[in-house]
Amino acid sequence: MKIYVIGIGLIGGSMALDIKSLYSEATICGIDTNESHLAQAIALGVVEDGANFEDLIDADFVIVSVPVDVALNILPKVLDSIGDQTIVFEVGSTKMPICEAVANHLKRRNYIATHPIAGTEFSGPSAAITGLFQGKTNIICEVEKTSFKLQEKAVHLFKQLGMRIRYMDPKSHDKHIAYVSHLSHISAFMLGKTVIEKEKHEQDIFDMAGSGFESTVRLAKSSPAMWTPIFKQNRKQVVKTLEEYISNLTQFKDLLVNEDYEAIFEEMESVNRIKEILNGMSPPTLKTEEVGK
């Protein structure tokens, strides 16, 4: 098995580590414009060696794990370079622009649009960890446009990595992910900004910050180079979610101004049902959809 990872960061690197543990005979090579990243990935054993696009002709799998703006340019070039039996998957957080970029490509059947809902706030080759995808959901878009044999090949690998599979159209994916991921990151960044601007002495932040603040602002440590293109590509959906979020924040502020604490209690109590929703997302209650459904 020959696997090429383009962009050796958290997602691509973690996939490489898990695949290596599953297939000891697999050859995994990396392609990265950042030479220090590539050297670090080789030194850490994430990939065995470097490669270039000419090598992709004999690939079994090509994993495209780059910022979503870069993916728009890279993915068509990857499809130009592969053989007929190669399956390519790109793992970015937006799907509509990516799918549109290769909609008419002659080798569209070799591409499967995916988004593993997994990650941490860290980036780069050193962020790669084993077991990252265990129990996580992998969203697959436009599966009907991928060759059936190749989609089976990809889904089999995803399941071996421990992922559950969901199928969704790109527009719905980008709408829903704006709420549960993109808005969360903006909230974390802006909370961090608010605190930093008001707390001039950083030691005060560190002394007073509890686990609640730390867990809430954790995402603010995420890479701006990765997230700015995501916000750009999903701008319309993100703006809609921000308008709703800002409306709720304004309403909460008005309740405080008016000292309506009974309404504040009721607001928070109604939102407490998020616990039931999140408990309903536990592995035993999620069913994996059949391939090609």
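Below or above, wherever it landed, is the structure these notes cover. (Residues numbered from 1 in each chain as written. Predicted model: local features only at pLDDT ≥ 70, side-chain atom pairs only at ≥ 80, totals over all residues. Heavy atoms only, no water.)

**Topic: the pairing of strand β7 (residues 137–141)**
Where burial is concerned, most of β7 is hidden: five out of the five residues are buried. Taking every second residue as pointing to the same face, both faces of β7 are buried, with T137, I139 and C141 on one and N138 and I140 on the other. Across four bridges, the pairing between strand β6 (residues 111–116) and β7 is antiparallel. The partner of H115 across the bridge, within β7, is I139. Here β7 runs beside strand β8 (residues 164–168); their pairing, made up of five bridges, is parallel. Across the sheet, the residue bridging to N138 is I165, located in β8. Once you follow β7 into helix α5 (residues 148–160) and on to β8, the crossover reads as right-handed. (Buried < 20%, exposed > 50% of the residue type's maximum accessible area, 1.4 Å probe, protein only. Helix = DSSP H or I, 4+ residues; strand = E, 2+ residues; numbered from the N terminus. Pairing = 2+ DSSP bridges. Right-handed = clockwise from strand over helix to strand, strands pointing away.)

**With respect to the sheet that holds strand β3 (residues 49–50)**
Reading across the sheet, the eight strands line up as β3-β2-β1-β4-β5-β6-β7-β8 and stay open at both edges, with mixed pairing between neighbours. The sheet is open, and its two edges are formed by β3 and β8, each paired on a single side. Against the sheet, helix α6 (residues 170–198) engages β6, β7 and β8, with an angle of about 115° to β8. (Contact = heavy atoms within 4.5 Å. Axes fitted to C-alpha atoms, helices over the stretch in contact; angles between N-to-C directions.)

**A few points about helix α9 (residues 224–233)**
Taken residue by residue, α9 has W227, P229, I230 and Q233 as its buried positions. Buried residues along α9 cover an arc of 160° about the axis, so they all sit on one side. Exposed residues lying more than 90 degrees from the buried face of α9 are P224, A225, T228 and K232. For α9, the elements touching its buried residues are α3 (68–81), α4 (96–101), α6 and α10 (235–257). In this structure S223 caps α9, since a side-chain oxygen of it lies 3.3 Å from the backbone nitrogen of A225. (Arc of directions from axis to C-beta. Polar contact = N/O pair within 3.5 Å; in protein donor to acceptor, adjacent residues only side chain to side chain.)

**Quick look at the side chain of D32**
Looking at the element boundaries, D32 is found in the loop between β2 (27–31) and α2 (35–43). Buried charge without a partner: D32 forms no salt bridge, and the closest opposite charge is K77, 14 Å away. Polar side-chain contacts of D32 include one of 3.1 Å to the backbone nitrogen of I8. Within the structure, the side chain of D32 is placed 2.9 Å from the backbone nitrogen of N34, a separation counted as a polar contact. Not counting the four nearest positions on each side in its chain, D32 is found in contact with G7, I8, H37 and L38. (Lys, Arg positive; Asp, Glu negative; His and termini not counted. Salt bridge = Lys/Arg side-chain N within 4 Å of Asp/Glu carboxyl O.)

**Here's the deal with the pairing of β2**
In terms of residue burial, β2 counts as a mostly covered element, since four of its five residues are buried. Across five bridges, the pairing between strand β1 (residues 2–6) and β2 is parallel. Within β2, the position partnered with K2 by the bridge is T27. Handedness of the β-α-β unit built from β1, helix α1 (residues 10–22) and β2 comes out right-handed. Two strands pair when backbone bridges link them, and β2 and β3 are joined in this way by two bridges, in the parallel orientation. Paired with C29 across the bridge in β3 is D49. Regarding topology, α2 serves as the crossover connection from β2 to the parallel β3, and that connection is right-handed.

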